[in-house]
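Observations on chain architecture
Residues per chain are reported as follows:
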Amino acid sequence: PAQFKTRDQLYVTHFNRSCLVSSKTKIKEADAPKEWNDFFDPKWQGKIGMDPPWRSVAVQQMLAVWEQQGQKDIAKRLKANGVRFFNGSAGVVQAVIRGDITVAAVIDPPVISALNDGAPIRAIFPASGVPAVGHVVLMPAKAPHPEAGQLFLNWALSLDGQKALVATVGSPVVRPGSGAPKVVPGIEGQKVVLSSDLLTPAMQKAMIEEWRTVFGLQ
């Protein structure tokens, strides 16, 4: 699809998406948070977690999408709601599994791994918008064997290649008809936001400075 290629030089093959994760053992299905605004609900006071934005560009991109949706004073509101930080996105997911927290906003690769292992968690991709990081393939201008590289890229973007990728990685791919991942939904019907289009260096700098100031980490 046209929105996933740039100047016929950069091609997105698959996505990592941000999602809301909650504990199946501590939260009933009907009560599980389903929209980004639910992450700020006072009823989750002290029970929410995430990777801090000064550690992860993926988190910065997720916050950029929240801001686009009209969320204000995100750092202050999450601090007031007792957000907890853990070591990387995998650490956040493990904290949900252990019960240290019950709700998390996190990128989905470690979620997919945990679900494949049978972890008692659920992943919800909010209908209002799903922040996504696209994995890009390209052919270097001075590649030593451009014909071989082109052959591989053509296969990777073909239906067979995309089906192989979704089966191996477990993330959704961009080519229509390639099928959905095994343990998380595909992108069909989702409002996927390529958050890299929203995040600028100036926004990154301001965001990190704000969060470090609010949480007293300089």
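The structure under discussion appears in the preceding block.
Residues numbered from 1 in each chain as written. Predicted model: local features only at pLDDT ≥ 70, side-chain atom pairs only at ≥ 80, totals over all residues. Heavy atoms only, no water.

1. Brief notes about the overall build of the chain
Cut-off, in case you're wondering: Each helix is a run of H or I in the DSSP string that is no shorter than four residues. Each strand is a run of E no shorter than two, and both are numbered from the N terminus. Atoms counted for the radius of gyration: C-alpha only. Globule rule: 2.2 Å times residue count to the power 0.38. Buried, partly exposed and exposed residues are distinguished by accessible area as a fraction of the type maximum, computed with a 1.4 Å probe on protein chains only: under 20%, between the cut-offs, and over 50%, respectively. We call two residues in contact whenever any of their non-hydrogen atoms come within 4.5 Å of each other. Here the accessible surface of atoms and residues is derived via Shrake-Rupley with a 1.4 Å probe, and residues count as covered only by protein chains that are part of the display. For the charge count, each Lys or Arg is scored as positive and each Asp or Glu as negative, with His and the chain ends excluded. For this purpose, a charge sits on NZ of Lys, CZ of Arg, CG of Asp or CD of Glu.
Along the backbone of the chain there are seven helices and eight strands. Over its C-alpha atoms the chain spans a radius of gyration of 18 Å, differing by no more than 12% from the 17 Å that the globule rule assigns to 218 residues. Principal-axis analysis of the C-alpha atoms gives the chain an extent of 55 × 40 × 30 Å. Each of the 218 residues in the chain was classed as buried or not, and the buried ones make up 45%. Taking contacts inside the chain between residues at least 6 apart in sequence as the whole, the part at least 24 apart equals 73%. Of the roughly 11000 Å² that the chain leaves accessible, carbon and sulfur atoms contribute 54%. Of the side chains in the chain, 24 bear a positive and 18 a negative charge, and the two mean positions are spaced by 3 Å.

2. Quick notes on the packing of aromatic side chains
Working definition: an aromatic ring pair is given by the centre-to-centre distance plus the angle between the planes. Put simply, the rule reads: The rule is short: rings of Phe, Tyr and Trp, with Trp giving its six-membered ring, pair when the centres are within 6.5 Å, and they are stacked under 30 degrees, edge-to-face over 60, tilted in between.
Taken as a whole and assessed by the stated rule, the structure comprises ten aromatic pairs. Centroid distance Phe-40 to Trp-66: 5.7 Å. Interplanar angle 70°. Geometry classified as edge-to-face. Here Trp-66 lies in helix α1 (residues 57-68) and Phe-40 lies in the loop between β2 (10-23) and β3 (48-50), a separation of 26 residues in the sequence. Classification of Phe-40 by relative accessible area gives buried; the value is 9%. Exposure remark for Trp-66: the relative accessible area of 0% places this residue in the buried category.

3. A look at the environment of Ala-105
In this fold, Ala-105 is placed in strand β5 (residues 103-107). Judged by relative accessible area, Ala-105 falls into the buried class, the value being 2%. Sequence spacing of Ala-105 and Ser-18 is 87 residues, and the spatial spacing of their C-alpha atoms is 6.9 Å. Look past the residues within four positions of Ala-105 in its chain and what remains in contact with it is Cys-19, Leu-20, Trp-36, Phe-39, Gly-49, Met-50, Met-62 and Trp-66.

4. Focus on the pairing of β5
Let me state the cut-off plainly: Strand pairing is assigned whenever DSSP detects at least two bridges linking the two strands.
Within β5, five of the five residues are buried, which leaves the element mostly enclosed by the surrounding structure. Alternating positions in β5 separate into two faces, Val-103, Ala-105 and Ile-107 on one and Ala-104 and Val-106 on the other, with burial throughout. With three bridges connecting them, β3 and β5 associate as parallel partners. Its bridge partner lying in β5, Met-50 is registered against Ala-105.

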